[in-house]
Amino acid sequence: MIFVLTGAGVSRESGIPTFRDSGGLWEKHRVEDVATPQGFKKNPALVQNFYNLRRRELLSGAIRPNPAHMALARLEREAGEEVRIVTQNVDDLHERAGSKNVLHMHGELLKVRCRDCGKVFSRREDLSAEVFCPSCGKKGALRPHVVWFGETPLHMDEIAALLRRADVFIAVGTSGTVYPAAGFVSSTSARRKIEVNMEPSAVSSFFTENLLGKAGEMIPRLVEELIGKKAL
Ligand code: BJW
């Protein structure tokens, strides 16, 4: 089984900024303000606006899957082997590229959740304190369906089971600084552990192969090799 962990770097060539690179999202916003439950409690409008702008951008038509997303979807279709993508990204570019087996461990930008009744809804429009929950009717209770620092990432039981079964573990475009995702490479017993990044990540030394370069160039080559060898 091939386990692919993706991070913000896989969507960089599609025009979505990463978090920690120069020009990234954390250069313009304090993490504590926009990516913690405390920040949301303190200033919900600021946080809603941060996600409203990112949601609008994702839907603007300017953002499209790049060759890395396309190649990973091809891997799933052609490897003759189970391929599972676990993404830390909240965009939908893997799905738009055609990937079927995607787990969004940090949530999804095009979904919102009611803080009162807990129901999750698809939503493409802006959120504000004026919006009513379509299920319980509470006003101002909808929040982005994303995972902030201090919150529990999604699908963790399924991810743990996949990490145990993986033969090949690939991490693409992630800085290896946010846990639990950063710890996956050391918790899997996969025979091949391949990192694809523009530069070594914080956990590079745990991989058996380090491929330095842009995801859009390196992933199509890697996928070609994996399909040629029937993955292993
Ligand atoms: C390219 C490229 C190109 C660029 N091609 N590559 C102390 C020690 C250890 C842990 C902790 C600690 N104190 C607190 C914690 C836990 C905390 C944590 O990890 N904190 C760290 C800061 C230390 N983690 C949590 O709180 C998590 N929850 C948790 O642990 O719950 C407990 C629990 C665990 C397990 C089971 C049950 C319970 C929650 C973390 C939530 C993270 N949320 C965010 C925001 C999501 C919503 C949103 O999008 O706004 O998730 S933060 C942000 O970081 C986002 C990302 O998914 C995440 C990771 O970032 P990523 O993807 O790695 O991006 P970058 O920007 O960091 O890196 C980009 C990389 O791409 C770079 O390396 C570039 O070189 C590369 N690149 N162009 C290839 N073209």
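Now for a quick tour of the structure. As the structure is a prediction and not an experimental result, all values here were calculated from the model. (Residues numbered from 1 in each chain as written. Predicted model: local features only at pLDDT ≥ 70, side-chain atom pairs only at ≥ 80, totals over all residues. Heavy atoms only, no water.)

Topic: the side chain of S14
Part 1 of the reasoning: Here S14 lies in the loop between α1 (9–12) and α2 (25–28).
Part 2 of the reasoning: For S14, a relative accessible area of 8% translates into the label buried.
Part 3 of the reasoning: A polar atom in the side chain of S14 sits 3.0 Å from the side chain of N66.
Part 4 of the reasoning: In contact with S14, not counting residues within four places along its chain, are A62, I63, R64, P65, N66, H69 and L93. (Helix = DSSP H or I, 4+ residues; strand = E, 2+ residues; numbered from the N terminus. Buried < 20%, exposed > 50% of the residue type's maximum accessible area, 1.4 Å probe, protein only. Polar contact = N/O pair within 3.5 Å; in protein donor to acceptor, adjacent residues only side chain to side chain. Contact = heavy atoms within 4.5 Å.)

Side note on the site of the ligand
Part 1 of the reasoning: The environment of the ligand is made up of 37 residues, and the closest members are R20, Y51, R54, S175 and N197.
Part 2 of the reasoning: At 3.0 Å from an oxygen atom of the ligand is found a main-chain nitrogen or oxygen belonging to Q88.
Part 3 of the reasoning: Take Y179: an N or O atom from its main chain is 2.7 Å from an oxygen atom of the ligand.
Part 4 of the reasoning: Within the complex, the protein chains bury 76% of what would otherwise be the 1500 Å² of accessible surface of the ligand.
Part 5 of the reasoning: Breaking the shell around the ligand down by element, the ones donating at least two residues are α1 and α5 (44–58).
Part 6 of the reasoning: Here the residues of the shell around the ligand sort into 16 nonpolar, 13 polar and 8 charged. (Near = heavy atom within 4 Å. Areas by Shrake-Rupley, 256 points an atom, 1.4 Å probe, with all protein chains shown as cover. Nonpolar A, V, L, I, M, F, W, Y, C, P; charged D, E, K, R; others polar.)

What to know about the sheet that holds strand β3 (residues 102–104)
Part 1 of the reasoning: Taking strand neighbours across the sheet as the criterion, the 6 strands line up as β3-β2-β1-β7-β8-β9 in an open arrangement whose pairing is parallel. Of all the strands in the sheet, just β3 and β9 (209–212) have a single pairing partner and so form its edges. Sheet twist, expressed as the mean angle between neighbouring strand axes with direction ignored, is 15°.
Part 2 of the reasoning: As defined by bridge partners, strand β1 (residues 2–6) adjoins strand β7 (residues 168–172) across 5 bridges and the pair is classed as parallel. Paired with V4 across the bridge in β7 is I170.
Part 3 of the reasoning: Packing against the sheet, helix α10 (residues 215–228) makes contact with β7, β8 (192–197) and β9, and its axis sits at approximately 155° to β8. (Pairing = 2+ DSSP bridges. Axes fitted to C-alpha atoms, helices over the stretch in contact; angles between N-to-C directions.)

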